[in-house]
Each structure stands twice: as C-alpha cells, then as structure tokens.
Amino acid sequence: MRTTEEPEGFDGEASNTSMISGASSPYQPTTEPVHARNVLGGIRCDVEYLKSYFGILKVVEVVLSLIGFICIETIMMCSPCGGVYFFEFVSCSAFVVTGVLLLIFSLNLHTKVPHVNWSLTDLVNTAASTFFFFLSSFVLACINHNTGAEIAAVIFGFLVTGVYGVNTFLAVRRWRLGNGCQAAQTSEYMRARTASRGEMEARPELA
C-alpha cells in the first residue's frame with residue numbers, strides 16, 4: 001500500500017511544482033486580443049518641416065494663391081475675359097497642387113512612397129508655378145478694367161510669383177545636393193567593388 005501511495009504523492013508534488021514554476025514564469029500565455037496593424041500609425045505632423053524654409057514658403061504660397069483666386073472670383077463682368085480666366089486657372093491649380101504637397105510633406109506621407117523623387121516633384125511644381133503665375137499676372141496687368149479686384153489679383157499674383165521663385169531656387173539647390181550625394185555613394189560603391197574584384201584576381205585560390 002505504501003509503495004502505491006508514494007508515486008501518487010510524488011505525482012502530486014510534481015504537479016504542484018509545475019504549477020508553481022508555471023505561475024512564476026514570465027512567459028505566460030495571454031488572452032489579450034491581437035490588434036490589427038495600423039497602416040496609418042506612422043503619420044504624424046512634422047513640426048520641424050513647417051518651421052523650415054520650405055515649410056514656411058509652402059504655407060505662404062498656399063495663402064497667397066488662395067487670396068489671388070478669391071480676388072479674381074469677385075469679378076462679375078469682364079470683356080475680354082481671357083486674362084481673368086487664365087489667372088483664375090493658374091491660381092486655383094497652384095493652390096490645389098501646392099496644398100497637397102504641403103500636406104504630404106507636413107504629415108511625412110512622402111516616406112510611404114520612397115520610389116517617388118519628391119525633391120524633383122517639388123522642383124517641377126515650384127518652377128511651373130513661378131512661370132505661369134508671372135505670365136498670368138502680366139497678362140492680367142495688361143488686359144484689365146482697372147477694377148479693385150483685378151488690381152488686387154495682379155498684386156498678389158506678382159507677390160506669389162516672387163515667393164515661388166525663391167522656393168524654386170532653394171529646390172534646385174536641394175536637388176543638386178541630393179544628386180551629388182547619390183553620385184558620391186555610387187562612386188564609392190563602384191570603387192569598393194573594383195577593389196574586391198582585384199583581390200579575387202590576386203588570390204585565385206579563393207575563387
């Protein structure tokens with residue numbers, strides 16, 4: 001009888017020991033639900049970009065483009081209307097495109113699409129906006145009826161042209177610096193690869 005009771009006691013002690021060790025183990029199973037991956041988790045407001053030269057210029061461009069568009073929209077009668085329509089199209093397009101780029105850069109959305117050259121995209125937008133704003137403001141200055149709305153639109157048009165011009169200059173410089181760094185990295189990689197091939201040829205037993 002004693003021999004049959006000892007294994008039972010041993011089994012009980014073993015089970016108690018396993019329960020104690022299991023309770024004290026830091027690796028406990030959890031019943032908490034597994035949360036789905038948040039795709040938009042990396043989106044945040046980049047305050048540093050908004051404080052930078054590019055962020056400030058983007059905000060000024062959006063505001064001036066909107067003011068120019070509002071001024072030109074207050075014109076009820078015009079003859080001819082070609083200059084008015086041209087300025088209206090340019091100001092609205094610049095407001096939308098620059099506003100979208102400002103939103104993308106300020107929320108770090110451009111990091112989600114790394115295969116797009118955002119520096120070149122910003123450069124193309126600023127250069128095109130500079131040219132078309134200057135052209136539309138010049139045409140509206142030559143063809144207008146001297147109304148207050150048209151004069152205000154011309155003033156804001158030339159102001160935003162200057163802001164876009166400064167942004168274009170900075171964007172060109174940033175794009176050149178980026179290409180220079182990329183070319184230096186490519187050159188360093190090719191130099192290291194050539195040196196590695198030279199070592200392999202000097203030591204054919206490694207091949």
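Quick note: structure is the one above.
Just so it is clear, the structure is predicted and the values come from calculations on it, not from any experiment.

Trainee: Quick rundown of the packing of helix α4 (residues 82-106) against helix α5 (residues 118-142)? Include the residues and the values.
Mentor: One can describe the packing of α4 onto α5 by two numbers: an axis separation of 9 Å at closest approach and a directional angle of 160°. Considered as vectors, α4 and α5 are oriented roughly antiparallel to each other. For the element pair α4 and α5, the recorded crossing hand is left-handed. Where α4 approaches α5, its residues G83, V84, F86, F87, V90, S91, A94, V97, T98, L101, I104 and F105 are matched on the opposing element by W118, T121, D122, N125, S129, F132, F133, L135, S136, S137, V139 and L140. Of the residues that constitute the contact of α4 with α5, the class distribution is 15 nonpolar, eight polar and one charged.

Trainee: Residue-level account of the packing of aromatic side chains, with values.
Mentor: Taken as a whole and assessed by the stated rule, the structure comprises seven aromatic pairs. Considering the side-chain rings of F131 and F132, the 5.1 Å spacing of their centres and the 75° angle between planes classify their relative orientation as edge-to-face. Judged by centre distance (6.1 Å) and plane angle (70°), the rings of F134 and F158 are edge-to-face. Of this pair, F134 sits in helix α5 while F158 sits in helix α6 (residues 148-202), placing them 24 residues apart in sequence. Take F158: its relative accessible area is 34%, and that puts it in the partly exposed class. Through a chain of ring-to-ring contacts, the aromatic side chains of Y49, F105 and W118 assemble into a single cluster.

Trainee: Outline the pattern of salt bridges, supporting the account with residue identities and numerical values.
Mentor: Taken as a whole, this structure holds two salt bridges when the rule is applied. The partner of K58 in a salt bridge is D122, and the shortest N-O contact between them spans 2.6 Å. In this pair, K58 is assigned in helix α3 (residues 53-73) and D122 in helix α5, connecting sequence segments 64 residues apart. Per residue, the accessibility class of K58 equals that of D122, and both read buried.

Trainee: Give me the layout of surface pockets: which residues, what numbers.
Mentor: Considering only enclosed or pocket space, the largest pocket measures out at about 180 Å³ in volume. Lining of the largest pocket is provided by Y49, F105, H110, T111, P114, V116, N117, W118, S119 and R174. Here the residues of the lining of the largest pocket sort into five nonpolar, four polar and one charged.

Trainee: An account of the state of the cysteines is needed here, citing residue identities and associated values.
Mentor: Applying the stated criterion to the full structure yields one disulfide. Two residues, C78 and C81, share a disulfide whose sulfurs are 2.0 Å apart. Because the torsion about its S-S bond is 115°, the bridge between C78 and C81 counts as right-handed.

Trainee: Tell me what's going on with the environment of R174, and back it up with residues and numbers.
Mentor: Tracing the backbone through its elements, the reader meets R174 in helix α6. For R174, a relative accessible area of 27% corresponds to the partly exposed category. Residues R174 and L120, spaced 54 residues apart in sequence, show a C-alpha to C-alpha distance of 9.3 Å. Dropping the residues within four chain positions of it, R174 is found in contact with F54, S119 and D122.

Cut-offs used in this document
Residues numbered from 1 in each chain as written. Predicted model: local features only at pLDDT ≥ 70, side-chain atom pairs only at ≥ 80, totals over all residues. Heavy atoms only, no water. Axes fitted to C-alpha atoms, helices over the stretch in contact; angles between N-to-C directions. Helix = DSSP H or I, 4+ residues; strand = E, 2+ residues; numbered from the N terminus. Parallel < 35°, antiparallel > 145°, perpendicular 65-115°, else oblique. Left-handed = near helix turned anticlockwise from the far one by under 90°. Contact = heavy atoms within 4.5 Å. Nonpolar A, V, L, I, M, F, W, Y, C, P; charged D, E, K, R; others polar. Phe/Tyr/Trp six-rings, centres within 6.5 Å; stacked < 30°, edge-to-face > 60°. Buried < 20%, exposed > 50% of the residue type's maximum accessible area, 1.4 Å probe, protein only. Salt bridge = Lys/Arg side-chain N within 4 Å of Asp/Glu carboxyl O. 1 Å grid on protein atoms, 1.4 Å probe; cavity = no way out; pocket = protein on both sides within 12 Å on 5 of 7 lines; lining within 4 Å. Points joined across faces, edges and corners; volume = space filled by probe spheres on them. Disulfide = S-S within 2.5 Å.

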